[in-house]
Amino acid sequence: STADTITVFRGAGQSKAFFDNSYGYAVFPTIGKAAVGIGGAHGKGKVYVSGKYVGDASMTQVTVGFQAGGQAYSEIIFFKDKAALDNFKAGNYEVAAGASAIALKDGVSKTAGYDNGVAIFTQGTGGLMFEASVGGQKFTYEPK
């Protein structure tokens, strides 16, 4: 669930501070990934500002190249300021091609920063560390 996902990311060293310092965030509890040849991922999430639910988002990603197998993971995107969130909410938001997320690791407190106003964290299902390639993810937003 969204609440469980938030609890996990709040408890991790790398992403904990972002809850207090970001303008808002988008939480995707389960992004499903399946691939053979052309791969893809999809997930639905909720967007929050100051801890309040303000709207829904969905993510799609298409990747070309050799891939096999599937993996599900959770993702959270922190928005540095109102401008970054407004950019996301405008529609057709896309993560830059070379972008990768910060994999959540227990007990690790490394310095993570914003890139173009966003910071993206991922965690594999069951608490497994999972580094997702988030380049090419496209998002839509619908206000509550």
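Preceding this section is the structure that the text describes.
What comes next is a walk through the structure.

Conventions and cut-offs
Residues numbered from 1 in each chain as written. Predicted model: local features only at pLDDT ≥ 70, side-chain atom pairs only at ≥ 80, totals over all residues. Heavy atoms only, no water. Helix = DSSP H or I, 4+ residues; strand = E, 2+ residues; numbered from the N terminus. Buried < 20%, exposed > 50% of the residue type's maximum accessible area, 1.4 Å probe, protein only. Contact = heavy atoms within 4.5 Å. Arc of directions from axis to C-beta. 1 Å grid on protein atoms, 1.4 Å probe; cavity = no way out; pocket = protein on both sides within 12 Å on 5 of 7 lines; lining within 4 Å. Points joined across faces, edges and corners; volume = space filled by probe spheres on them. Nonpolar A, V, L, I, M, F, W, Y, C, P; charged D, E, K, R; others polar.

Moving on, we get to the side chain of Gln137. Mapped onto the elements of the fold, Gln137 is located in the loop between β5 (118–124) and β6 (138–143). Judged by relative accessible area, which is 0%, Gln137 ranks as buried. If we ignore the near neighbours within four places in the chain, the residues touching Gln137 are Met59, Thr60, Gln61, Tyr73, Glu75, Tyr93, Glu94 and Val95.

Within helix α3 (residues 82–89) the residues assigned to the buried category are Ala84, Leu85 and Phe88. The buried residues of α3 occupy an angular sector of 95 degrees when the element is viewed end-on, so they sit on one face. Immediately beyond the C-terminal end of α3, within one or two residues, lies Gly91, with a positive phi of roughly 100 degrees.

Quantified by volume, the largest pocket comes out at close to 240 Å³. If you trace the largest pocket, you find 14 residues lining it, with Val95, Ala99, Asp115, Val118 and Ile120 closest to the centre. Put simply, the parts of the chain that give the lining of the largest pocket at least two residues each are β3 (93–94) and β5. Taken together, the residues that form the lining of the largest pocket break down as 9 nonpolar, 3 polar and 2 charged.

Bear in mind that shape data such as this cannot, by itself, settle questions of function.
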